[in-house]
Amino acid sequence: MGCTKTFSASYIFFNKVETKHLNTIPAFNLQLFAGEKTEEATPKRKAEARQKGQVAKSMEINSVFVIVAAFLTLKAIGPYIFDELANYMKFIFANLIVADFTITSAEQVFIGFAMIFLKTALPVMCVILVVALSINFAQVGFNFSTEPLMPKFDKINPLSGFGRLFSKRSLVELCKSLFKIAVIGGFIYRFMMNQTKQVPSLISVELIDSLHLTAALILDLVFNISTVLFVLAIFDYMYQWWENKDSMKMSKEDIKQEYKQMEGDPQIKGKIKQRQREMAMRRMMQDIPKADVVVTNPTHFAVALRYDEDMLAPIIVAKGQNLIAQKIKEIAKDHKVIIVENKMLARALYAAVEIGHPVPHELYQAVAEVLAYVYKLKKRLP
């Protein structure tokens with residue numbers, strides 16, 4: 001008896017301890033994680049983002065190729081540009097400086113300057129334009145979108161602007177710019193220290209030679225900097241691709257909502273299908289009086305056939321099973337459509353032919369016998 005009491009007390013004690021321990025376990029609401037964006041973007045989401053201009057694109061790559069293209073063009077047509085500018089300067093100092101300044105002379109200066117600008121700057125600008133468009137096309141393909149140009153209140157809202165100023169993207173861009181300035185600044189400093197030995201030699205050479213030497217140093221510096229920028233641009237493009245992919249991620253709830261928008265609400269779709277079935281049923285019942293014969297099972301299947309002289313083969317105007325079969329027979333009796341009992345033919349027609357379709361070749365003989373019987377019976381009827 002004492003052991004029984006001890007066991008009961010111990011059981012009650014451990015039961016209370018276990019209950020207390022279970023009550024202290026925190027309860028997690030799994031619905032809180034439904035909005036977490038962990039799923040990859042769907043094709044529809046990607047297409048919508050592309051239409052809005054939200055694509056992975058690195059401006060660093062554009063800058064590198066534009067700079068290289070511009071300085072390569074300058075290197076290629078540099079002598080031509082120098083000759084054009086030199087000849088124009090000679091013309092100015094030889095003719096217009098000594099002459100009276102009039103409206104005619106001002107027009108000549110303006111027209112001459114415009115022509116020199118077109119001859120020298122236009123080729124470089126055209127090359128830059130072609131290269132910039134080509135690099136953009138290589139990164140994102142053909143994507144014409146006016147969505148980024150549309151005015152939005154968020155863009156002029158000070159609060160939204162303040163939030164963007166301290167956003168993760170702005171912080172990344174700041175760190176990237178500081179790193180780029182540090183790397184390029186250090187590279188330029190190192191390059192200039194290595195080239196300082198050539199600076200004193202510029203004093204003793206002719207002006208044209210010093211210009212050529214200076215241009216060569218500048219081009220060499222630009223191409224070396226472009227190499228560094230190209231390496232940084234590759235990493236920037238990888239980051240932009242990852243950031244764009246991460247920003248388009250969706251939650252499970254987003255995917256469900258998108259599926260509903262694309263496929264429609266299941267309840268609405270069910271109602272639409274139900275209405276369609278009801279309309280099809282009404283049309284089928286309306287066509288039964290036009291039938292020549294109804295072939296039955298006799299209780300489980302009923303198939304209504306119609307044949308005119310201009311038809312290649314008899315067609316099925318109605319068919320049904322169980323209750324629908326009974327309804328078809330009732331309408332047929334009300335409109336004096338002949339009902340023929342043929343179990344095998346009724347089953348075969350119900351299984352093989354859809355409403356509105358002709359009878360297949362395999363059943364021609366059986367259907368022809370039924371129609372012949374119906375026509376003979378109609379002749380006997382008053």
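Criteria and cut-off values
Residues numbered from 1 in each chain as written. Predicted model: local features only at pLDDT ≥ 70, side-chain atom pairs only at ≥ 80, totals over all residues. Heavy atoms only, no water. Buried < 20%, exposed > 50% of the residue type's maximum accessible area, 1.4 Å probe, protein only. Helix = DSSP H or I, 4+ residues; strand = E, 2+ residues; numbered from the N terminus. Pairing = 2+ DSSP bridges. Patch = residues over 30% accessible without salt bridge, like charges linked within 9 Å, V, L, I, M, F, W, Y side chains within 5 Å. Areas by Shrake-Rupley, 256 points an atom, 1.4 Å probe, with all protein chains shown as cover. Salt bridge = Lys/Arg side-chain N within 4 Å of Asp/Glu carboxyl O. Axes fitted to C-alpha atoms, helices over the stretch in contact; angles between N-to-C directions. Contact = heavy atoms within 4.5 Å. Phe/Tyr/Trp six-rings, centres within 6.5 Å; stacked < 30°, edge-to-face > 60°. Lys NZ or Arg CZ within 6 Å of the ring centre and 35° of its normal. Core = buried A, V, L, I, M, F, W, Y, C linked by side-chain atoms within 4.5 Å.

**Things to note about the pairing of strand 3 (residues 315–321)**
Part 1 of the reasoning: Of all seven residues in strand 3, five are buried; the element is thus mostly enclosed.
Part 2 of the reasoning: The pairing of strand 2 (residues 301–306) with strand 3 spans six bridges and is classified as antiparallel. Residue pairing for strand 3: Ala-302 is matched across the bridge by Gly-320.

**What to know about a nonpolar patch on the surface**
Part 1 of the reasoning: On the surface, a cluster of nonpolar side chains totalling about 830 Å² of accessible area is made up of Phe-110, Ile-111, Phe-113, Met-115, Phe-117, Leu-118, Leu-122 and Met-125.
Part 2 of the reasoning: Classification of Phe-117 as partly exposed rests on a relative accessible area of 41%.

**Examining the sheet that holds strand 2**
Part 1 of the reasoning: Pairing is mixed across the open sheet formed by four strands, whose spatial order is 3-2-1-4. Edge positions in the sheet fall to strand 3 and strand 4 (338–341), since each has one partner strand and no second. On average, adjacent strands in this sheet sit at an angle of 20° to one another, irrespective of strand direction.
Part 2 of the reasoning: Lying on the sheet, helix 11 (residues 323–334) is in contact with strand 1 (293–296), strand 2, strand 3 and strand 4; it crosses strand 3 at an angle near 125°.
Part 3 of the reasoning: Strands in contact with helix 12 (residues 343–352) are strand 1, strand 2, strand 3 and strand 4; relative to strand 2, the strand with the most contacts, it is inclined by about 80°.

**Considering the packing of aromatic side chains**
Part 1 of the reasoning: One pass over the full model with this rule turns up three aromatic pairs.
Part 2 of the reasoning: Between Phe-65 and Phe-230 the ring centres are 6.0 Å apart and the planes differ by 80°, which places this aromatic pair in the edge-to-face class. One end of the pair, Phe-65, is in helix 3 (residues 59–96); the other, Phe-230, is in helix 8 (residues 207–247), and 165 residues separate them in sequence.
Part 3 of the reasoning: Judged by relative accessible area, Phe-65 falls into the partly exposed class, the value being 33%.
Part 4 of the reasoning: Just above the ring of Tyr-350 sits the side chain of Lys-319; from NZ or CZ to the centre is 4.9 Å.

**Some remarks on the pairing of strand 1**
Part 1 of the reasoning: Every second residue of strand 1 is oriented toward a common face, with Val-293 and Val-295 on one face and Val-294 and Thr-296 on the other, all of them buried.
Part 2 of the reasoning: A loop of four residues connects strand 1 with strand 2, the two strands running antiparallel in sequence.
Part 3 of the reasoning: Strand direction decides the pairing type here: strand 1 and strand 4, joined by four bridges, are parallel. Looking at the pairing, Thr-296 lines up with Glu-341 of strand 4.

**Section: the pattern of salt bridges**
Part 1 of the reasoning: Following the criterion strictly, the structure yields five salt bridges and no others.
Part 2 of the reasoning: The salt bridge partner of Asp-236 is Lys-176, with a shortest N-O separation of 2.5 Å. With a gap of 60 residues between them, Asp-236 in helix 8 and Lys-176 in helix 7 (residues 168–195) connect regions that are remote in the sequence.
Part 3 of the reasoning: By relative accessible area, Asp-236 is classed as buried at 4%.
Part 4 of the reasoning: With a relative accessible area of 22%, Lys-176 lands in the partly exposed category.
Part 5 of the reasoning: We note a salt bridge from Lys-319 to Glu-354, for which the minimum N-O separation is 3.9 Å. One end of the pair, Lys-319, is in strand 3; the other, Glu-354, is in the loop between helix 12 and helix 13 (364–380), and 35 residues separate them in sequence.

**Description of the nonpolar core**
Part 1 of the reasoning: Counting residues in hydrophobic clusters, the biggest one holds 18 residues, and the most contacted among them are Leu-305, Leu-349 and Val-367.
Part 2 of the reasoning: Of all the secondary-structure elements, those providing two or more residues to this core are strand 1, strand 2, strand 4, helix 12 and helix 13.
Part 3 of the reasoning: The greatest single-element share of this core, amounting to four residues, is contributed by helix 13.
Part 4 of the reasoning: Contact partners of Leu-349, with chain neighbours within four places excluded, come to Val-303, Leu-305, Ile-316, Val-359, Leu-363 and Val-367.
Part 5 of the reasoning: Residues Met-285, Val-294, Ala-304 and Ile-331 belong to the second largest nonpolar core, which totals 14 residues.

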